[in-house]
Protein chains: 2
Amino acid sequence: MPVSEFDLIRRYFATATPARDDVLLGIGDDCALLAPPPGRVLAVTTDTLVAGRHFLADADPCALGHKSLAVNLSDLAAMGAEPAWVTLALTLPSADTGWLEAFVRGFAALAGAQGVQLVGGDTTRGPLSITIQVHGFVAPQAALRRGGARAGDRLFVSGSVGGAALALRLMQRRQAVPDALRQRLNRPQPRVALGRLLAGRASAAIDVSDGLVADLRHVCEASGLGAHIELARLPLLPEVAAVAAAGDWSAPLAGGDDYELLFTLAPQRAAELVAACADAGEPIQEIGYMADEPGVRLIYPDGRISEDVPDGFDHFKS
Amino acid sequence: MPVSEFDLIRRYFATATPARDDVLLGIGDDCALLAPPPGRVLAVTTDTLVAGRHFLADADPCALGHKSLAVNLSDLAAMGAEPAWVTLALTLPSADTGWLEAFVRGFAALAGAQGVQLVGGDTTRGPLSITIQVHGFVAPQAALRRGGARAGDRLFVSGSVGGAALALRLMQRRQAVPDALRQRLNRPQPRVALGRLLAGRASAAIDVSDGLVADLRHVCEASGLGAHIELARLPLLPEVAAVAAAGDWSAPLAGGDDYELLFTLAPQRAAELVAACADAGEPIQEIGYMADEPGVRLIYPDGRISEDVPDGFDHFKS
């Protein structure tokens, strides 16, 4: 490798992200030194993206820089936490400076927009892979856990679902991908502001990474409940709606990579939250409710009820 | 993959490490929730080990579980921090349960010995690679930075140097590897207790991962100084000493992977620290001193002084 790991990190990353007052020591020593705020707890999550598994090896590095940070921030959002610090472990086949510059551009733009500082990392040579860890702050009693839903709680999702999965399907079939769909796959926007709005208010939350039903099952299992989804209420981009109208609901139900928030609200809190989200410009949609009976029931527009999730849909796996 | 990432993580990792009171929420939600202690700052570091680069793909998984955590704890030690939490991002070619069980055994034994809880992670399929991040606590004014050395400070190293590099050389030449050497390579012991003893007392510290001289250069550059090493004073295992006596100093000077602490002490503090280390059973050895003149000077046993570091030594690269 023509430049050492130290050169790489320093040259491209050291000043790419905002300088925060709570970072006593950033990149360049054995550890970063970080000062958490009093009265709040740390929310910490880590995700790895592997070439060929989570993205194509020839993916646009700028979009990849964005997405690899976005999927981690999405986990913070699902906890209701305020993002603060990030570390980046980057494994690269070679020190391709053009690739690195573009990657950092995408990474740093999102980090800057969210006020997140890169405080450490490791750069190694090997098969292309990205492991990111983010740290955020949340009041302990306000954190959005998966297991807090109650029977009768209303079920909501943000934005729209199925767009990323449909984009991937079109790409794999070498068909034209409308730009709005491509953005859903390559440039997911973590719902950080919505998560903070929901903190202390929603009874449970998760981000939609594995697929709407799969992630809803995690909430159901953690809460000891079941759920009903009314498919007619799902928020869908026009292209996704067209495929669903033709009878194929696999993208919105089983396609992953949407990075929307799926959350539950106690009925008596729903009106207030819906109004607050409207005021804040956060798009949310009620799609069903939690029930005592275990399992996820899909209520189709024609009234048919099924527990079978449409299968056979390729998406990037975790 | 026959078992999902959730199954993998839950089955092998969820209860493998100590349950700490400051972990409000561990594995199983979108984030871990962690309560840092008041009055101290977080020390955070991350390291990736890639098969074929940092270890052989057929390496003993139990030793690998130990080492991948050890190299991260070593960075905390070099900061003078008390280890607390760890996350593990594991990328595996397949869900080999035998391999995983052995890896967890090695990982959990060291985590348990150091009181560290695994609080999160990600398991993905792909080329074998391990990214670990550890969090520790340290009083902000006691943290051991690289840049605090002054001219005249005495230079110390813990344990012995060159053993891991010599073990690797013998393995690569398919020669017999004495067990003491093999342990140096496969089972490095992070100097956590020593680091905590040095916190607030040493003027600078770093762990020896890239090689004694390379890591000393980091201290020199961060402190704006140079250094002299007296080779006759280097603590060497008998096998390493024999090779050095034959004129080859590459293992102790340029070989990495020792994970000892290299640190500097103000002359007036040295006697107290040496006594404290002796009391605590921490082996340390004075090996030179810091100087105003830039560069690392090697004083050979025959009195020759050189700035050339013996080269051509293979070791696992970062």
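Since this is a predicted model, take the numbers as computed values, not measurements.

## Some remarks on the packing of helix α4 (residues 163-172) of chain A against helix α8 (residues 238-245) of chain A
All names here are of chain A.
And step 1. As a packed pair, α4 and α8 sit with axes 9 Å apart at the nearest point and diverge in direction by 80°. One element, α4, and the other, α8, form an angle in the roughly perpendicular class. Contacts from Gly163, Leu166 and Arg169 in α4 reach Glu239, Val240 and Val243 in α8.
And step 2. Looking at the contact of α4 with α8 residue by residue, the class counts come to three nonpolar, one polar and two charged.

## Here we look at the relation of the copies chain B and chain A
And step 1. The transform that puts chain B on chain A rotates by 180° and translates by 0.0 Å along the axis, for an RMSD of 0.0 Å. On this basis, the relationship between the two copies can be described by a two-fold rotation axis.

## Examining the environment of B:Ile287
All names here are of chain B.
And step 1. Looking at the element boundaries, Ile287 is found in strand β11 (residues 284-291).
And step 2. The spacing of Ile287 and Ala232 is 55 residues in sequence and 8.2 Å in space, taken between C-alpha atoms.
And step 3. Setting aside residues no more than four positions away along its own chain, Ile287 makes contact with Leu155, Phe156, Val157, Leu212, His228, Ile229, Glu230, Arg233, Leu234, Pro235 and Leu262.

## Looking at the pattern of salt bridges
And step 1. Enumeration over the complete set of coordinates arrives at 32 salt bridges over all chains.
And step 2. Ionic pairing is found between B:Arg146 and A:Asp29, a salt bridge with its closest N-O pair at 3.6 Å. Here A:Asp29 lies in the loop between β1 (23-25) and β2 (32-34) and B:Arg146 lies in the loop between β6 (129-138) and β7 (154-158), a pairing that spans two chains. Of the two residues, B:Arg146 and A:Asp29, neither departs from the other in class, the shared state being buried.
And step 3. Put simply, A:Arg201 and A:Glu272 hold a salt bridge, and the shortest N to O gap is 3.6 Å. Here A:Glu272 lies in helix α10 (residues 267-280) and A:Arg201 lies in the loop between α6 (192-198) and β8 (204-207), a separation of 71 residues in the sequence.
And step 4. Given a relative accessible area of 31%, A:Arg201 falls into the partly exposed group.
And step 5. The network of salt bridges with common partners includes A:Arg184, A:Arg191, A:Asp258, A:Glu260 and A:Glu282.

## Comments concerning the domain arrangement of chain A
All names here are of chain A.
And step 1. Segmentation of chain A into domains returns domain 1 (5-138) and domain 2 (154-306).
And step 2. For domain 1 and domain 2, the distance between their C-alpha centres works out to 27 Å.
And step 3. With 18 residues of domain 1 at the interface, the matching set in domain 2 holds 18 residues.
And step 4. Summed over both sides, the interface of domain 1 with domain 2 buries roughly 1,500 Å², with 60% coming from carbon and sulfur.
And step 5. Linking domain 1 with domain 2 are two salt bridges.

## Observations regarding the interface of chain B and chain A
And step 1. Contacts between chain B and chain A engage 55 residues on the former and 55 residues on the latter.
And step 2. For the chain B and chain A pair, buried surface summed over both sides reaches about 4,400 Å², with 56% attributable to carbon and sulfur atoms.
And step 3. Between the two partners, chain B and chain A, sit four salt bridges.
And step 4. Counting every contact that joins chain B to chain A gives 17 residue pairs in polar contact (both at pLDDT 80 or more).
And step 5. The element best represented in the side of chain B that touches chain A is strand β3 (residues 41-50) of chain B, accounting for nine residues.
And step 6. Partitioned by chemical class, the residues of the side of chain B that touches chain A number 26 nonpolar, 16 polar and 13 charged.
And step 7. Pairing geometry for β2(A) and β3(B), over three bridges, is antiparallel.

The rules we used
Residues numbered from 1 in each chain as written. Chains lettered and ligands numbered in written order. Predicted model: local features only at pLDDT ≥ 70, side-chain atom pairs only at ≥ 80, totals over all residues. Heavy atoms only, no water. Axes fitted to C-alpha atoms, helices over the stretch in contact; angles between N-to-C directions. Helix = DSSP H or I, 4+ residues; strand = E, 2+ residues; numbered from the N terminus. Parallel < 35°, antiparallel > 145°, perpendicular 65-115°, else oblique. Contact = heavy atoms within 4.5 Å. Nonpolar A, V, L, I, M, F, W, Y, C, P; charged D, E, K, R; others polar. Least-squares fit on C-alpha atoms with pLDDT ≥ 70 in both. Salt bridge = Lys/Arg side-chain N within 4 Å of Asp/Glu carboxyl O. Buried < 20%, exposed > 50% of the residue type's maximum accessible area, 1.4 Å probe, protein only. Domains from an automatic or database assignment. Buried area = accessible area lost by both parts, 1.4 Å probe. Polar contact = N/O pair within 3.5 Å; in protein donor to acceptor, adjacent residues only side chain to side chain. Pairing = 2+ DSSP bridges.

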